[in-house]
Amino acid sequence: FESAAVDLADYAWKHSIVHVCEGGENGQLDTARNDQLLDFGWQVMKIEKVGMVEMIRDGQMYLKLRPNDRPVRLITHAQQLSAPAVEKDPREYSSQLLGGR
C-alpha cells in the first residue's frame with residue numbers, strides 16, 4: 001500500500017493544476033493561482049517532487065485560460081529562464097527567481 005500512496009502523491013504533485021485547468025471552474029482556478037502557482041513554498045516543493053519542467057507546464061496551462069494574469073506570466077517566464085540552472089541544482093531556485101548570482 002505504501003507504494004500506491006507514493007504513486008498517488010506523485011500523481012497529485014504532477015497533475016493537480018492540470019485537473020483544475022481542465023475543469024475551468026473560476027473558484028478553483030483562483031485557489032490554484034494563489035495557493036500554488038504564486039506560492040513560493042509550493043513552487044519549491046513542486047520542483048523537489050517532480051521538477052522544473054512540470055512547474056513551467058502548470059503555468060503555461062493556466063495562462064492558456066487566463067492569458068492576462070501578469071503575476072503568473074512573470075513567474076512562469078522567470079521559471080523558463082532559470083530552468084537550466086535549477087534543473088542542475090534545485091537549491092538555485094530562489095536566487096534564480098530573484099535574479100541573483
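Just above, that's the structure.
These numbers come from a predicted model, not from an experiment.

## Brief notes about the environment of Gly24
Locating Gly24 in the fold gives a position in the loop between α1 (2-23) and α2 (26-37). With a relative accessible area of 35%, Gly24 lands in the partly exposed category. Measuring from C-alpha to C-alpha, the distance between Gly24 and Ala12 comes to 18 Å, with 12 residues separating the pair along the chain.

## Remarks on the packing of helix α3 (residues 40-50) against helix α4 (residues 52-65)
Packing of α3 against α4 brings their axes to within 7 Å, and their N-to-C directions diverge by 130°. Taken together, the axes of α3 and α4 lie oblique to each other. Touching Trp42, Gln43, Lys46, Ile47 and Val50 of α3 are Met52, Glu54, Met55 and Asp58, all from α4.

## Comments concerning the pattern of salt bridges
Opposite charge on two side chains allows them to pair when their charged atoms are near. Per the stated rule, a full pass over the model turns up 6 salt bridges. The closest approach of N and O atoms between Lys46 and Asp58, which form a salt bridge, is 2.6 Å. In this pair, Lys46 is assigned in helix α3 and Asp58 in helix α4, connecting sequence segments 12 residues apart. For Lys46, a relative accessible area of 0% corresponds to the buried category. Across the salt bridge formed by Glu54 and Arg57, the nearest N and O atoms sit 2.5 Å from each other.

How each quantity is defined
- Residues numbered from 1 in each chain as written.
- Predicted model: local features only at pLDDT ≥ 70, side-chain atom pairs only at ≥ 80, totals over all residues.
- Heavy atoms only, no water.
- Helix = DSSP H or I, 4+ residues; strand = E, 2+ residues; numbered from the N terminus.
- Buried < 20%, exposed > 50% of the residue type's maximum accessible area, 1.4 Å probe, protein only.
- Axes fitted to C-alpha atoms, helices over the stretch in contact; angles between N-to-C directions.
- Parallel < 35°, antiparallel > 145°, perpendicular 65-115°, else oblique.
- Contact = heavy atoms within 4.5 Å.
- Salt bridge = Lys/Arg side-chain N within 4 Å of Asp/Glu carboxyl O.

No statement about biological role is implied by the geometric values presented.
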